[in-house]
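Structural overview for review
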Amino acid sequence: MTDIMNAIKSAAIKINKAIKTEDTSKAESENSSGDVQVKLDIISDEIIENEFKKVSAIKEIVSEEKEDVTPMHENGDYLIAYDPLDGSSLIDVNLSVGSIFGIYKDEYSGPTIVAAAYVVYGPRVELVIARDVVELYRLDEEKNEFIFQKELSLGEKGKIVGPGGTQKEWYSYHKEMIDKFFADGYRLRYSGGMVPDLHQILLKGGGLFAYPGANDKPKGKLRKLFEVFPFAYVYNRAGGLAIDGKDDLLELGIDHIHDTTPCFFGSDYEIKRVLKTYAKVEK
Ligand code: P6P
(Lines give C-alpha, C1' and ligand atoms only; values in the text may rest on other atoms or scores of the structure.)
Protein backbone atom coordinates (compact mmCIF):
# COMPACT_ATOMS: atom_id res chain seq x y z
CA MET A 1 0.00 0.00 0.00
CA THR A 2 2.88 2.40 0.73
CA ASP A 3 4.12 1.95 -2.87
CA ILE A 4 0.66 2.92 -4.14
CA MET A 5 0.56 6.07 -2.02
CA ASN A 6 4.07 7.01 -3.16
CA ALA A 7 2.96 6.56 -6.78
CA ILE A 8 0.00 8.87 -6.09
CA LYS A 9 2.39 11.46 -4.60
CA SER A 10 4.67 11.28 -7.68
CA ALA A 11 1.71 11.59 -10.03
CA ALA A 12 0.28 14.54 -8.07
CA ILE A 13 3.57 16.46 -8.35
CA LYS A 14 3.60 15.94 -12.12
CA ILE A 15 -0.11 16.79 -12.55
CA ASN A 16 0.32 19.95 -10.47
CA LYS A 17 3.08 21.08 -12.87
CA ALA A 18 0.94 20.16 -15.92
CA ILE A 19 -2.00 22.22 -14.62
CA LYS A 20 0.24 25.28 -14.45
CA THR A 21 1.89 24.82 -17.83
CA GLU A 22 -0.21 22.71 -20.20
CA ASP A 23 -2.96 23.75 -22.58
CA THR A 24 -6.31 23.83 -20.76
CA SER A 25 -8.46 23.67 -23.91
CA LYS A 26 -10.99 21.00 -24.70
CA ALA A 27 -9.92 17.77 -26.37
CA GLU A 28 -11.85 16.42 -29.38
CA SER A 29 -13.12 13.51 -27.27
CA GLU A 30 -15.64 12.55 -24.55
CA ASN A 31 -15.09 10.17 -21.65
CA SER A 32 -17.21 7.10 -20.89
CA SER A 33 -19.71 9.21 -18.98
CA GLY A 34 -20.17 11.55 -21.92
CA ASP A 35 -18.23 14.39 -20.32
CA VAL A 36 -16.29 16.52 -22.81
CA GLN A 37 -12.62 15.99 -21.96
CA VAL A 38 -10.02 18.71 -21.63
CA LYS A 39 -6.49 17.90 -22.73
CA LEU A 40 -5.39 17.94 -19.09
CA ASP A 41 -7.81 15.07 -18.35
CA ILE A 42 -5.91 12.92 -20.82
CA ILE A 43 -2.46 14.12 -19.71
CA SER A 44 -3.31 13.51 -16.03
CA ASP A 45 -4.65 10.05 -16.83
CA GLU A 46 -1.42 9.16 -18.64
CA ILE A 47 0.71 10.47 -15.75
CA ILE A 48 -1.17 8.33 -13.23
CA GLU A 49 -1.14 5.20 -15.39
CA ASN A 50 2.62 5.53 -15.92
CA GLU A 51 3.20 5.80 -12.16
CA PHE A 52 0.93 2.85 -11.38
CA LYS A 53 2.68 0.68 -13.99
CA LYS A 54 5.74 0.72 -11.70
CA VAL A 55 3.85 -0.71 -8.68
CA SER A 56 3.75 -4.51 -8.59
CA ALA A 57 1.04 -4.49 -5.90
CA ILE A 58 -1.49 -3.20 -8.46
CA LYS A 59 -3.35 -5.90 -10.36
CA GLU A 60 -5.59 -3.64 -12.44
CA ILE A 61 -6.65 -0.03 -12.80
CA VAL A 62 -9.72 1.69 -14.21
CA SER A 63 -9.97 5.38 -15.00
CA GLU A 64 -13.07 7.54 -15.19
CA GLU A 65 -11.60 8.72 -18.51
CA LYS A 66 -11.58 5.20 -20.01
CA GLU A 67 -14.36 2.70 -20.87
CA ASP A 68 -12.63 -0.43 -19.55
CA VAL A 69 -10.09 -1.68 -17.01
CA THR A 70 -6.33 -1.79 -17.76
CA PRO A 71 -4.46 -4.87 -16.49
CA MET A 72 -1.25 -4.10 -14.59
CA HIS A 73 0.54 -6.88 -12.64
CA GLU A 74 -0.90 -10.42 -12.59
CA ASN A 75 0.11 -11.09 -8.97
CA GLY A 76 -0.96 -7.69 -7.68
CA ASP A 77 -3.31 -7.49 -4.70
CA TYR A 78 -5.15 -4.25 -5.42
CA LEU A 79 -7.55 -2.80 -7.97
CA ILE A 80 -7.51 0.99 -8.31
CA ALA A 81 -10.34 3.13 -9.67
CA TYR A 82 -9.50 6.80 -10.11
CA ASP A 83 -10.69 10.11 -11.48
CA PRO A 84 -7.48 11.69 -12.75
CA LEU A 85 -8.67 15.31 -12.80
CA ASP A 86 -12.10 15.84 -11.31
CA GLY A 87 -13.74 19.15 -12.15
CA SER A 88 -11.18 19.87 -14.88
CA SER A 89 -13.56 22.34 -16.57
CA LEU A 90 -12.95 24.62 -13.54
CA ILE A 91 -9.28 25.11 -14.45
CA ASP A 92 -10.28 27.67 -17.08
CA VAL A 93 -11.75 29.87 -14.33
CA ASN A 94 -8.82 29.20 -12.00
CA LEU A 95 -10.75 27.25 -9.35
CA SER A 96 -9.37 24.26 -7.46
CA VAL A 97 -9.60 20.76 -8.95
CA GLY A 98 -8.56 17.33 -7.75
CA SER A 99 -7.59 13.69 -8.33
CA ILE A 100 -9.51 10.92 -6.56
CA PHE A 101 -8.39 7.33 -5.91
CA GLY A 102 -10.26 4.28 -4.59
CA ILE A 103 -8.16 1.22 -3.69
CA TYR A 104 -10.17 -2.02 -3.80
CA LYS A 105 -9.50 -5.69 -2.97
CA ASP A 106 -10.85 -8.57 -5.13
CA GLU A 107 -13.63 -6.53 -6.78
CA TYR A 108 -14.85 -3.00 -7.38
CA SER A 109 -17.61 -2.34 -4.84
CA GLY A 110 -18.43 -0.32 -1.73
CA PRO A 111 -17.79 -3.19 0.71
CA THR A 112 -14.39 -4.02 -0.86
CA ILE A 113 -12.76 -0.58 -0.81
CA VAL A 114 -9.79 -0.78 1.58
CA ALA A 115 -8.24 2.70 1.24
CA ALA A 116 -8.79 6.02 -0.49
CA ALA A 117 -6.83 9.13 -1.36
CA TYR A 118 -7.42 12.46 -3.03
CA VAL A 119 -5.33 15.44 -4.09
CA VAL A 120 -6.51 19.07 -4.12
CA TYR A 121 -4.70 21.29 -6.64
CA GLY A 122 -5.44 24.68 -5.08
CA PRO A 123 -3.47 27.65 -3.69
CA ARG A 124 -1.66 24.85 -1.83
CA VAL A 125 -1.46 21.28 -3.10
CA GLU A 126 -2.80 18.94 -0.43
CA LEU A 127 -3.12 15.15 -0.29
CA VAL A 128 -5.48 13.25 1.98
CA ILE A 129 -4.87 9.53 2.60
CA ALA A 130 -7.49 7.39 4.36
CA ARG A 131 -6.57 3.96 5.67
CA ASP A 132 -7.35 3.34 9.35
CA VAL A 133 -7.17 7.09 9.99
CA VAL A 134 -7.37 10.14 7.71
CA GLU A 135 -4.07 11.99 7.18
CA LEU A 136 -3.46 15.41 5.64
CA TYR A 137 -0.23 16.10 3.71
CA ARG A 138 0.87 19.36 2.06
CA LEU A 139 3.25 19.67 -0.91
CA ASP A 140 6.52 21.50 -0.20
CA GLU A 141 7.12 22.73 -3.75
CA GLU A 142 10.76 23.59 -3.01
CA LYS A 143 11.61 20.08 -1.80
CA ASN A 144 9.04 18.50 -4.16
CA GLU A 145 7.69 16.30 -1.38
CA PHE A 146 4.48 15.90 0.61
CA ILE A 147 4.84 16.75 4.32
CA PHE A 148 2.48 15.21 6.89
CA GLN A 149 0.42 17.91 8.66
CA LYS A 150 -2.17 16.25 10.91
CA GLU A 151 -4.99 13.73 11.21
CA LEU A 152 -8.43 14.90 10.11
CA SER A 153 -11.78 14.17 11.77
CA LEU A 154 -15.37 15.36 11.58
CA GLY A 155 -17.29 16.70 14.57
CA GLU A 156 -20.96 16.08 15.42
CA LYS A 157 -22.30 19.06 13.44
CA GLY A 158 -21.12 21.76 11.00
CA LYS A 159 -22.18 25.13 9.60
CA ILE A 160 -21.86 24.76 5.80
CA VAL A 161 -23.83 23.05 3.03
CA GLY A 162 -22.72 22.22 -0.54
CA PRO A 163 -25.99 21.63 -2.50
CA GLY A 164 -25.10 20.04 -5.85
CA GLY A 165 -27.11 19.66 -9.00
CA THR A 166 -29.56 21.84 -10.90
CA GLN A 167 -31.96 23.33 -8.36
CA LYS A 168 -34.96 23.53 -10.72
CA GLU A 169 -34.63 19.74 -11.20
CA TRP A 170 -34.57 18.89 -7.49
CA TYR A 171 -37.45 16.85 -6.05
CA SER A 172 -39.64 19.05 -3.83
CA TYR A 173 -38.78 17.22 -0.58
CA HIS A 174 -35.04 17.69 -1.33
CA LYS A 175 -35.49 21.41 -1.98
CA GLU A 176 -37.46 21.80 1.25
CA MET A 177 -34.70 20.02 3.19
CA ILE A 178 -31.92 22.18 1.71
CA ASP A 179 -33.95 25.38 2.23
CA LYS A 180 -34.46 24.41 5.91
CA PHE A 181 -30.67 24.09 6.43
CA PHE A 182 -30.22 27.64 5.12
CA ALA A 183 -33.19 28.90 7.17
CA ASP A 184 -31.36 27.44 10.19
CA GLY A 185 -28.31 29.59 9.41
CA TYR A 186 -26.07 27.23 7.41
CA ARG A 187 -23.77 28.96 4.88
CA LEU A 188 -23.65 27.94 1.20
CA ARG A 189 -20.23 26.60 0.20
CA TYR A 190 -20.25 25.11 -3.35
CA SER A 191 -17.66 25.57 -6.13
CA GLY A 192 -18.80 22.81 -8.49
CA GLY A 193 -15.63 20.86 -7.74
CA MET A 194 -16.35 17.76 -5.66
CA VAL A 195 -12.79 17.51 -4.32
CA PRO A 196 -12.38 21.08 -2.95
CA ASP A 197 -16.04 21.15 -1.80
CA LEU A 198 -15.69 17.94 0.24
CA HIS A 199 -12.17 18.89 1.38
CA GLN A 200 -13.54 22.15 2.79
CA ILE A 201 -16.24 20.37 4.86
CA LEU A 202 -13.67 17.88 6.15
CA LEU A 203 -11.16 20.61 7.12
CA LYS A 204 -13.94 22.70 8.73
CA GLY A 205 -14.91 19.66 10.77
CA GLY A 206 -18.46 19.22 9.55
CA GLY A 207 -21.41 20.14 7.34
CA LEU A 208 -23.20 18.54 4.40
CA PHE A 209 -22.39 17.90 0.73
CA ALA A 210 -25.34 16.67 -1.32
CA TYR A 211 -25.53 15.53 -4.92
CA PRO A 212 -29.06 14.06 -5.02
CA GLY A 213 -31.11 12.20 -7.56
CA ALA A 214 -33.31 14.67 -9.45
CA ASN A 215 -35.72 14.89 -12.38
CA ASP A 216 -32.84 15.27 -14.85
CA LYS A 217 -30.53 12.76 -13.13
CA PRO A 218 -32.58 10.21 -11.09
CA LYS A 219 -29.37 8.27 -10.29
CA GLY A 220 -27.35 11.37 -9.54
CA LYS A 221 -24.24 12.46 -11.44
CA LEU A 222 -21.26 11.37 -9.35
CA ARG A 223 -19.61 8.03 -10.19
CA LYS A 224 -19.62 5.29 -7.56
CA LEU A 225 -16.18 3.80 -8.17
CA PHE A 226 -14.11 6.88 -9.00
CA GLU A 227 -15.68 9.56 -6.79
CA VAL A 228 -18.39 8.40 -4.37
CA PHE A 229 -16.92 5.28 -2.73
CA PRO A 230 -13.48 6.92 -2.15
CA PHE A 231 -15.02 9.97 -0.46
CA ALA A 232 -17.48 7.76 1.46
CA TYR A 233 -14.46 5.84 2.78
CA VAL A 234 -12.68 9.08 3.77
CA TYR A 235 -15.75 10.49 5.52
CA ASN A 236 -16.50 7.25 7.37
CA ARG A 237 -12.90 6.98 8.57
CA ALA A 238 -13.05 10.62 9.68
CA GLY A 239 -16.06 9.85 11.89
CA GLY A 240 -18.73 11.14 9.52
CA LEU A 241 -21.42 9.43 7.44
CA ALA A 242 -22.01 8.89 3.72
CA ILE A 243 -25.36 7.70 2.35
CA ASP A 244 -27.43 7.54 -0.82
CA GLY A 245 -30.40 9.01 1.02
CA LYS A 246 -31.26 5.77 2.78
CA ASP A 247 -28.32 3.36 2.85
CA ASP A 248 -24.61 3.58 3.70
CA LEU A 249 -22.85 4.21 0.38
CA LEU A 250 -20.18 1.63 1.24
CA GLU A 251 -22.84 -1.09 1.28
CA LEU A 252 -23.62 -0.50 -2.40
CA GLY A 253 -22.36 -2.63 -5.29
CA ILE A 254 -22.15 -1.74 -8.96
CA ASP A 255 -23.85 -3.02 -12.12
CA HIS A 256 -21.46 -1.18 -14.41
CA ILE A 257 -18.01 0.39 -13.92
CA HIS A 258 -19.38 3.88 -14.64
CA ASP A 259 -22.48 3.65 -12.41
CA THR A 260 -23.58 6.80 -10.59
CA THR A 261 -25.55 7.24 -7.36
CA PRO A 262 -27.22 9.99 -5.37
CA CYS A 263 -24.83 10.82 -2.52
CA PHE A 264 -24.72 12.74 0.75
CA PHE A 265 -21.53 13.19 2.78
CA GLY A 266 -21.25 14.93 6.13
CA SER A 267 -21.19 15.00 9.88
CA ASP A 268 -23.63 13.01 11.99
CA TYR A 269 -26.26 15.67 12.67
CA GLU A 270 -26.70 16.73 9.05
CA ILE A 271 -26.78 13.21 7.62
CA LYS A 272 -29.42 12.23 10.18
CA ARG A 273 -31.57 15.10 8.89
CA VAL A 274 -31.16 13.74 5.35
CA LEU A 275 -32.14 10.24 6.52
CA LYS A 276 -35.26 11.67 8.19
CA THR A 277 -36.31 13.47 5.00
CA TYR A 278 -35.61 10.52 2.70
CA ALA A 279 -37.17 7.92 5.04
CA LYS A 280 -40.56 9.01 3.69
CA VAL A 281 -39.44 8.47 0.07
CA GLU A 282 -39.55 5.30 -2.05
CA LYS A 283 -35.98 4.34 -3.11
P1 P6P B 1 -23.00 20.33 -11.03
C2 P6P B 1 -17.42 18.16 -11.76
O3 P6P B 1 -17.85 18.16 -13.12
C4 P6P B 1 -18.26 17.15 -11.01
O5 P6P B 1 -18.11 15.88 -11.55
C6 P6P B 1 -17.91 17.16 -9.54
O7 P6P B 1 -16.59 17.51 -9.31
C8 P6P B 1 -18.87 18.18 -8.95
O9 P6P B 1 -19.21 17.92 -7.59
C10 P6P B 1 -20.10 18.05 -9.86
O11 P6P B 1 -19.64 17.54 -11.10
C12 P6P B 1 -20.76 19.38 -10.09
O13 P6P B 1 -21.93 19.14 -10.83
O14 P6P B 1 -24.15 19.65 -11.75
O15 P6P B 1 -23.39 20.84 -9.65
O16 P6P B 1 -22.29 21.37 -11.86
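To keep things clear, this report deals only with the structure shown in the data block. (Residues numbered from 1 in each chain as written. Predicted model: local features only at pLDDT ≥ 70, side-chain atom pairs only at ≥ 80, totals over all residues. Heavy atoms only, no water.)

Some details on unusual backbone geometry
Phi at aspartate 106 is positive, roughly 70°, even though this residue is not glycine. By secondary structure assignment, the location of aspartate 106 is in the loop between strand S6 (97–105) and strand S7 (113–121). Its identity as a non-glycine residue notwithstanding, asparagine 144 has a phi of 60°, on the positive side. Within the fold, asparagine 144 resides in the loop between strand S9 (134–140) and strand S10 (145–151). Using a relative accessible area of 36% as the deciding quantity, one classes asparagine 144 as partly exposed. (Helix = DSSP H or I, 4+ residues; strand = E, 2+ residues; numbered from the N terminus. Buried < 20%, exposed > 50% of the residue type's maximum accessible area, 1.4 Å probe, protein only.)

Thoughts on empty space enclosed by the protein
Under the definition given, this model contains one cavity of 30 Å³ or more. Roughly 40 Å³ of volume is contained in the largest cavity. Looking at the largest cavity, the residues that line it are Gly165, Thr166, Trp170, Tyr211, Pro212, Ala214, Asp216 and Lys217. Considered class by class, the residues forming the lining of the largest cavity number four nonpolar, two polar and two charged. (1 Å grid on protein atoms, 1.4 Å probe; cavity = no way out; pocket = protein on both sides within 12 Å on 5 of 7 lines; lining within 4 Å. Points joined across faces, edges and corners; volume = space filled by probe spheres on them. Nonpolar A, V, L, I, M, F, W, Y, C, P; charged D, E, K, R; others polar.)

Structural notes on the side chain of serine 63
When you line up the elements, serine 63 lands in strand S3 (residues 58–63). Here the side chain of serine 63 touches aspartate 45 through a polar contact of 3.2 Å, side chain to side chain. Polar side-chain contacts of serine 63 include one of 2.9 Å to the backbone nitrogen of glutamate 65. Ignoring anything within four residues of it in the chain, the contact list for serine 63 reads Asp45, Tyr82, Pro84, Phe226 and His258. (Polar contact = N/O pair within 3.5 Å; in protein donor to acceptor, adjacent residues only side chain to side chain. Contact = heavy atoms within 4.5 Å.)

Focus on the pairing of strand S15 (residues 263–266)
Because side chains alternate across S15, one face comprises the buried residues Cys263 and Phe265, and the other comprises Phe264 and Gly266, equally buried. As paired elements, strand S13 (residues 208–211) and S15 share four bridges and run antiparallel to each other. Among the inter-strand pairings, alanine 210 is bridged to a residue of S15, identified as phenylalanine 264. With three bridges connecting them, strand S14 (residues 241–243) and S15 associate as antiparallel partners. Residue pairing in the sheet places leucine 241 in a bridge with glycine 266 of S15. (Pairing = 2+ DSSP bridges.)

Quick notes on the packing of helix H4 (residues 194–204) against helix H5 (residues 224–237)
Running from N to C, H4 and H5 point in directions that differ by 10°, and their axes come no closer than 12 Å. The angle between H4 and H5 places the two elements in the roughly parallel class. Contact residues: Met194, Val195, Leu198, Ile201 and Leu202 in H4; Glu227, Val228, Phe231, Val234 and Tyr235 in H5. Looking at side-chain class alone, the contact of H4 with H5 contains nine nonpolar, no polar and one charged residues. (Axes fitted to C-alpha atoms, helices over the stretch in contact; angles between N-to-C directions. Parallel < 35°, antiparallel > 145°, perpendicular 65-115°, else oblique.)

Comments concerning the nonpolar core
Residues Leu202, Phe231, Val234, Tyr235 and Phe265 are the most contacted members of the largest nonpolar core, which totals 42 residues. The element that contributes the greatest number of residues to this core is H5, accounting for nine residues. Three or more residues apiece are contributed to this core by two domains, here domain 1 (2–151) and domain 2 (160–278). Beyond its immediate chain neighbours, meaning those up to four positions away, tyrosine 235 contacts Leu154, Leu198, Ile201, Leu202, Gly240, Leu241, Phe265 and Gly266. (Core = buried A, V, L, I, M, F, W, Y, C linked by side-chain atoms within 4.5 Å. Domains from an automatic or database assignment.)

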